[in-house]
Amino acid sequence: MIAKDYVLSIDKSPYLVTGALLVKPGAKLTMNAGTVVWFRSLGLIVKGQLEILGTRDDPVRLSSLGASSWKGVFLDSSSENNKISYCNISGAEYGFRASKSTVSIQNCQFQDNVWGIVMEESRGEITGSLVRTSVKSGIAARKARLLIKDSVITENSSGGFLLENSK
């Protein structure tokens, strides 16, 4: 559990998360360039703020350890402006999921997840990203407001977009 601002860096990478990693309201989790985080089963739940600050040469990588899948990254009622840049997320049930939150996703790759990106009652801007080979939809949104530009959503088994009451 993260109750105050915390930084994950390449120096101590890779990190192994065996349960759920919870970022409490008022706390910020920052992942610096090159950080690798492996999840054994659950995932990352953010009720505070999330900043993933990868670079083109050193993206942040979040994935499962071994053959088992993990739940993914979940923004849950985060009132902060969350930012995800140059991050590769794979092997999750939800590559990225947001409920009642705001996020900017730039230059990220979501591959081999059950759902690529799911937005519920949230606002999101997705630019320069790739969402591919999801078992379900690449991007699903319900009562959400999305801006998607310069991105590729392809090879998702149930289609690229699933939108319900979304703009």
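Residues numbered from 1 in each chain as written. Predicted model: local features only at pLDDT ≥ 70, side-chain atom pairs only at ≥ 80, totals over all residues. Heavy atoms only, no water.

Draft legend 1. Inspection of the sheet that holds strand β21 (residues 161-164) at higher detail. Taken together, seven strands build an open sheet; the order of strands is β3-β6-β9-β12-β15-β18-β21 and the sheet is parallel. Because the sheet does not close on itself, it has two edges, and the strands there are β3 (21-23) and β21. Each strand of the sheet is rotated relative to its neighbour by a mean of 10°, with strand direction disregarded. (Pairing = 2+ DSSP bridges. Helix = DSSP H or I, 4+ residues; strand = E, 2+ residues; numbered from the N terminus. Axes fitted to C-alpha atoms, helices over the stretch in contact; angles between N-to-C directions.)

Draft legend 2. Geometry of the side chain of threonine 127. You can see threonine 127 is positioned in strand β16 (residues 123-127). Residue contacts for threonine 127: discarding those within four places in its chain leaves Ile105, Gln106, Asn107, Lys149, Asp150 and Ser151. (Contact = heavy atoms within 4.5 Å.)

Draft legend 3. Expanded view of the environment of tyrosine 94. Structurally, tyrosine 94 is set in strand β12 (residues 92-99). When the C-alpha atoms of tyrosine 94 and tryptophan 70 are compared, they prove to be 8.3 Å apart, with 24 residues separating the residues in sequence. Not counting residues up to four positions away in its chain, the partners in contact with tyrosine 94 are Lys71, Gly72, Val73, Trp115, Gly116 and Val118.

Draft legend 4. Summary view of the layout of surface pockets. Considered as a void within the structure, the largest pocket measures approximately 150 Å³ in volume. Lining the largest pocket, in full, are Ala20, Leu42, Gly43, Leu44, Ile45, Lys71, Gly72, Val73, Phe74, Tyr94 and Arg97. For the lining of the largest pocket, the elements supplying multiple residues, two or more each, are β6 (43-46), β9 (70-76) and β12. Of the residues that constitute the lining of the largest pocket, the class distribution is seven nonpolar, two polar and two charged. (1 Å grid on protein atoms, 1.4 Å probe; cavity = no way out; pocket = protein on both sides within 12 Å on 5 of 7 lines; lining within 4 Å. Points joined across faces, edges and corners; volume = space filled by probe spheres on them. Nonpolar A, V, L, I, M, F, W, Y, C, P; charged D, E, K, R; others polar.)

Draft legend 5. Region of interest: unusual backbone geometry. In this structure, proline 14 follows serine 13 across a cis peptide bond, with omega equal to 5°. Phi is positive for glutamate 121, which is not a glycine, with a value near 50°. For glutamate 121, the position within the fold is in the loop between β15 (115-120) and β16. Of note in the backbone geometry, asparagine 165 takes a positive phi value of approximately 50° without being a glycine. One can find asparagine 165 in the segment after β21.

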